[in-house]
Amino acid sequence: MLHFRNPKRQIDASAATLAATDSALAMIWFDLDATITNVNQNFCQTLGYTPDEIIGKKHAIFLSPKDSQTQEYSNFWAN
């Protein structure tokens, strides 16, 4: 990470890094209980969803029922 003496330059550099990452990668954010809190446009285009279809739902929507009901899956989100 770049470090600047001027805090505004640091914020600007961080914002630019986040913008570049957002434009290049498919990203999704979760709460600790596996609830989807945000997605970027790349994620939606890649997986064929709209934000309204998945924000507020659980990560398990991307899995088969068999996989989402395993102890390992439960342990993952519990930890």
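Just above, that's the structure.
Residues numbered from 1 in each chain as written. Predicted model: local features only at pLDDT ≥ 70, side-chain atom pairs only at ≥ 80, totals over all residues. Heavy atoms only, no water.

Colleague: Can you tell me about the pairing of strand 2 (residues 36-39), naming the residues and giving the values?
Modeller: In regular strands, side chains alternate between the two faces of the sheet. Taken together, the three bridges between strand 1 (residues 28-30) and strand 2 define a ladder with antiparallel strand orientation. When the bridges of strand 2 are listed, tryptophan 29 appears paired with asparagine 38. Hairpin geometry of strand 1 and strand 2 is characterised by an intervening segment of five residues between the two adjacent antiparallel strands and by a positive phi of about 80° at alanine 34. (Pairing = 2+ DSSP bridges. Helix = DSSP H or I, 4+ residues; strand = E, 2+ residues; numbered from the N terminus.)

Colleague: So what about the packing of aromatic side chains? Which residues, and what values?
Modeller: Taken as a whole, this structure holds four aromatic pairs when the rule is applied. An angle of 75° between the planes, with centres 5.7 Å apart, marks the rings of tyrosine 49 and phenylalanine 62 as edge-to-face. With tyrosine 49 in the loop between helix 2 (41-47) and helix 3 (51-54) and phenylalanine 62 in the loop between helix 3 and helix 4 (65-68), this pair connects stretches of sequence that are 13 residues apart. Pairing phenylalanine 76 with tryptophan 77 gives two aromatic rings, centres 5.1 Å apart and planes at 90°, and the pair type is edge-to-face. Within the aromatic cluster, the residues linked to one another by ring pairs are Phe30, Phe76 and Trp77. (Phe/Tyr/Trp six-rings, centres within 6.5 Å; stacked < 30°, edge-to-face > 60°.)

Colleague: Residues and numbers for the environment of serine 68, please.
Modeller: Structurally, the position occupied by serine 68 is in helix 4. A relative accessible area of 17% places serine 68 in the buried class. Not counting residues within four places of it along the chain, the set of residues in contact with serine 68 comprises Ala60, Leu63 and Tyr73. A distance of 3.2 Å separates a polar side-chain atom of serine 68 from the backbone oxygen of proline 65. (Buried < 20%, exposed > 50% of the residue type's maximum accessible area, 1.4 Å probe, protein only. Contact = heavy atoms within 4.5 Å. Polar contact = N/O pair within 3.5 Å; in protein donor to acceptor, adjacent residues only side chain to side chain.)

Colleague: Residue-level account of the nonpolar core, with values.
Modeller: Counting five residues, the largest nonpolar core is built from Ile36, Val39, Phe43, Cys44 and Ile54. With residues up to four places along the chain from it excluded, the contact list for cysteine 44 reads Val39, Tyr49, Thr50 and Pro51. (Core = buried A, V, L, I, M, F, W, Y, C linked by side-chain atoms within 4.5 Å.)

Colleague: So what about the pattern of salt bridges? Which residues, and what values?
Modeller: Summed over the entire model, instances satisfying the criterion amount to one salt bridge. The partner of lysine 58 in a salt bridge is aspartate 33, with the nearest N and O atoms 3.1 Å apart. In this pair, lysine 58 is assigned in the loop between helix 3 and helix 4 and aspartate 33 in the loop between strand 1 and strand 2, connecting sequence segments 25 residues apart. (Salt bridge = Lys/Arg side-chain N within 4 Å of Asp/Glu carboxyl O.)

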